[in-house]
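# Structural overview
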Amino acid sequence: MKIHEKYISRCIELAKNGLGTTYPNPLVGSVIVYDGKIIGEGWHKKAGEAHAEVNAINSVKDKSLLSKSTIYVSLEPCSHFGKTPPCSDLIIHHKIPNVVIGTIDPFAKVAGNGIKKLIESGANVTIGILEEECNKLNKRFFTFHNKKRPYIILKWAETQDGFIAPKTKENQSPVWITNKYSRQLVHKWRTEEQGILAGTQTVIDDNPSLTARDWKGNQPVRIVLDKNKRISKENAIFDSSATTLLLTDHEINFSKDVANQICKYLFDNDIQSVIIEGGSKTLQTFIDSQLWDEARVFKGLTFFSEGTKAPIITGKNIKRYKISNDELLIFSNYD
């Protein structure tokens, strides 16, 4: 079993290379082992392109070894025709006798069917190796399919005395609380998520671009709340650098249950993950509705004395990191 864990762990490492580029598909890594040695490996790089198992099989130079090998994959091989053929069929075609799977795919078109097909073909199938780690790898994908909502990350920066914005900005917009390293990290995070959301007042006050300018990668879909259509079309969120979804009173009933309605709207638009960056009222709405999975909170060295108070949050598994002179707190809303 320890040998299986070693190779599934490698599958997880490989899969992480696809973070931010595989939506709406999950992160998947695959390794092929013959006689105790890795002879092939691959990961899913982008939706519509080859899956991890295909890339791993294609990387094997001597295909005759496949019929005597073990293929490891972090997520159950697919069994349906989508943009690419079923991976389970490819494994069967190459007569790979042993298949080791990290966890079962929750997607309705797979959900055990890939495993069933492999077993019926005569393959020796092992399931549930490093299952918790494999589930965590695809926390976005699993949340989307199991909870019918996107994986929600809350993010803000607050001062030592608990404010996210000063009372007046004195011609500086936005006012930075954190250092440049923390700000670059936020841009990296943006490339990893499918959407980024902000409330009306934040967009009006700060005129943010809501893009990843300090890190190379995909630009998230910008989701902006604007109940009464107060945001000017001249604002940066309407430039051509990324797609923008505007949620007005036509899409959302802002008088009740706003967080749930936003989640449903994003689910219906196939957005698997979203990072919510403000403002305080929007963040608190999701906190109070218990509709969040992670919160990433920066604490800078600044003091404002008065201004806009930071959201109030409690969570499990609080972790602390130092980023130069900033402190980063990670809150989790799951076990």
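Residues numbered from 1 in each chain as written. Predicted model: local features only at pLDDT ≥ 70, side-chain atom pairs only at ≥ 80, totals over all residues. Heavy atoms only, no water.

## What about the sheet that holds strand β10 (residues 244-247)?
Pairing within the open sheet is mixed, and its eight strands lie in the order β10-β9-β8-β11-β6-β12-β15-β14. Both outer strands of the open sheet, β10 and β14 (316-323), are each paired with one neighbouring strand and no more. Across the sheet, the axes of successive neighbouring strands diverge by a mean angle of 20 degrees, strand direction being ignored. Two elements, strand β8 (residues 195-198) and strand β9 (residues 221-225), share four bridges in a ladder whose sense is parallel. Bridge assignment links A198 to a residue of β9, and that residue is V224. With respect to the sheet, helix α7 (residues 180-192) is in contact with β6 (151-158), β8, β11 (273-276), β12 (294-299), β14 and β15 (326-332), its orientation differing from that of β12 by roughly 160 degrees. Across the sheet, helix α9 (residues 258-268) lies against β6, β8, β9, β10 and β11, angled at about 145 degrees from β10, the strand it touches most. (Pairing = 2+ DSSP bridges. Helix = DSSP H or I, 4+ residues; strand = E, 2+ residues; numbered from the N terminus. Axes fitted to C-alpha atoms, helices over the stretch in contact; angles between N-to-C directions. Contact = heavy atoms within 4.5 Å.)

## What about the pattern of salt bridges?
Using the criterion set out here, one finds 18 salt bridges in the structure. Its salt-bridge partner being E158, residue K299 comes within 2.6 Å of it at the nearest N-O pair. Linking K299 in strand β12 with E158 in strand β6, this pair joins segments that are 141 residues apart in sequence. The salt bridge involving E294 is made with R296; its shortest N-O contact spans 3.1 Å. By relative accessible area, E294 is classed as buried at 5%. Take R296: its relative accessible area is 7%, and that puts it in the buried class. Several salt bridges share partner residues, and in doing so they unite R10, E13 and E41 into one network. (Salt bridge = Lys/Arg side-chain N within 4 Å of Asp/Glu carboxyl O. Buried < 20%, exposed > 50% of the residue type's maximum accessible area, 1.4 Å probe, protein only.)

## Side note on helix α10 (residues 280-288)
Among all positions of α10, only S280, T282, L283, Q284, F286 and I287 are buried. Of the residues one or two after α10, Q290 is the one with positive phi, at around 55 degrees.

## Quick word on the sheet that holds strand β1 (residues 29-34)
Here we have five strands laid out as an open sheet, ordered β2-β1-β3-β4-β5, and mixed in their pairing. Edge positions in the sheet fall to β2 (37-43) and β5 (124-127), since each of these pairs with one other strand and no more. Geometrically, the sheet is characterised by an average inter-axis angle of 15 degrees between neighbouring strands, direction not taken into account. Pairing geometry for β1 and strand β3 (residues 70-75), over four bridges, is antiparallel. Looking at the pairing, I32 lines up with I71 of β3. Running at roughly 150 degrees to β5, helix α4 (residues 113-120) makes contact with β4 (98-103) and β5 of the sheet.

## Regarding the layout of surface pockets
Put simply, the largest pocket is a space of about 1,300 Å³. What lines the largest pocket is a set of 50 residues, among which T202, D206, E277, G278 and G279 lie closest to the centre. Listing elements by their share of the lining of the largest pocket, those giving two or more residues are β6, β7 (163-166), α7, α8 (200-206), α9 and α10. Ranked by residue count, the leading element in the lining of the largest pocket is α10, at six residues. When the residues that make up the lining of the largest pocket are grouped by side-chain class, the tally is 20 nonpolar, 17 polar and 13 charged. Here the second largest pocket is characterised by a volume of approximately 1,000 Å³. Of all the elements in the fold, those that place two or more residues in the lining of the second largest pocket are α5 (131-137), α6 (139-147), α7, β12, β14 and β15. At six residues, the largest contribution of residues to the lining of the second largest pocket is made by α6. In terms of residue class, the lining of the second largest pocket is built from 10 nonpolar, five polar and 14 charged. Shared between two domains, the lining of the second largest pocket takes at least three residues from each, and those domains are domain 1 (1-142) and domain 2 (150-332). (1 Å grid on protein atoms, 1.4 Å probe; cavity = no way out; pocket = protein on both sides within 12 Å on 5 of 7 lines; lining within 4 Å. Points joined across faces, edges and corners; volume = space filled by probe spheres on them. Nonpolar A, V, L, I, M, F, W, Y, C, P; charged D, E, K, R; others polar. Domains from an automatic or database assignment.)

## Quick notes on the UniProt feature "binding site: substrate" (unreviewed entry) in the protein
Mapped onto this numbering, the UniProt entry gives "binding site: substrate" (unreviewed entry) at R190, D206, L210, R213 and E277. Looking only at the residues we just named, the largest pocket is lined by R190, D206, L210, R213 and E277. Summarising the element assignment, L210 is placed in the loop between α8 and β9. For L210, a relative accessible area of 3% gives the class buried. Discounting residues that sit within four places of it in the chain, L210 has contacts with R190, I196, A198, P220, R222, V224 and I237. When you line up the elements, R213 lands in the loop between α8 and β9. Those residues within four positions of R213 in sequence are excluded, and the remaining contacts are H187 and R190. (UniProt positions renumbered as here; feature names shortened; annotations may be inferred.)

## Some words on empty space enclosed by the protein
To find the voids left in a structure, one rolls a probe of water-molecule size over its atoms. The final tally for this structure, using the stated rule, is one cavity of 30 Å³ or more. Considering only enclosed or pocket space, the largest cavity measures out at about 70 Å³ in volume. Taken together, 14 residues form the lining of the largest cavity, with T22, Y23, L27, N138 and R140 sitting closest to its centre. Per-element accounting of the lining of the largest cavity gives the leading share, three residues, to α6. A breakdown of the residues in the lining of the largest cavity according to their chemical character gives six nonpolar, six polar and two charged.

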